[in-house]
Amino acid sequence: MRLQTLPARLQAVRTFSGNLRPSKARSEMQLLLEDLKRDGWHVKTTSSGVEWQAVGYNAPFVIPFLKTNEVMISVDEK
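## Let's talk about the overall build of the protein chain
(1) Moving on: Along the backbone of the protein chain there are 1 helix and 5 strands.
(2) Moving on: From first element to last, N terminus to C terminus, the protein chain shows the α and β order β-α-β-β-β-β.
(3) Moving on: Expressed along its principal axes, the backbone C-alpha trace of the protein chain runs to roughly 40 × 30 × 20 Å.
(4) Moving on: Burial analysis of the protein chain (78 residues in total) assigns 24% to the buried set.
(5) Moving on: Excluding contacts between residues fewer than 6 apart, the proportion of contacts in the protein chain whose partners are at least 24 apart in sequence is 63%.

Here you go:
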């Protein structure tokens, strides 16, 4: 693992609980995309699609409903 400085960016975030699984992260990302579209935000894309990431903040042994996760999508300023 290594730390890396990333360029500044504006991101929309959706928080959810439970175990962080790829299918759950994609589902939450789709919900966030729908919210952004409804609210008139422009989502940044790359050659492979929407620029997004998922993060989990808790240790694996934490009870699932107490876990905090987020999906983040990069957006342009309004």
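## What to know about the environment of Leu31
(1) Moving on: Topologically, Leu31 is positioned in helix α1 (residues 22-38).
(2) Moving on: The spacing of Leu31 and Val62 is 31 residues in sequence and 25 Å in space, taken between C-alpha atoms.

## Regarding the sheet that holds strand β1 (residues 10-16)
(1) Moving on: Reading across the sheet, the 3 strands line up as β1-β5-β4 and stay open at both edges, with antiparallel pairing between neighbours. At either end of the open sheet lies a strand with only one pairing partner, and these are β1 and β4 (52-56). Pairwise comparison of adjacent strand axes, ignoring direction, gives a mean angle of 20 degrees for this sheet.
(2) Moving on: Across 5 bridges, β4 lies against strand β5 (residues 69-75) in antiparallel orientation. Residue pairing in the sheet places Gly56 in a bridge with Asn69 of β5.
(3) Moving on: In the packing of α1 onto the sheet, the strands contacted are β1, β4 and β5, and the crossing angle to β1 comes to about 125 degrees.

Rules behind the numbers
- Residues numbered from 1 in each chain as written.
- Predicted model: local features only at pLDDT ≥ 70, side-chain atom pairs only at ≥ 80, totals over all residues.
- Heavy atoms only, no water.
- Helix = DSSP H or I, 4+ residues; strand = E, 2+ residues; numbered from the N terminus.
- Buried < 20%, exposed > 50% of the residue type's maximum accessible area, 1.4 Å probe, protein only.
- Contact = heavy atoms within 4.5 Å.
- Pairing = 2+ DSSP bridges.
- Axes fitted to C-alpha atoms, helices over the stretch in contact; angles between N-to-C directions.

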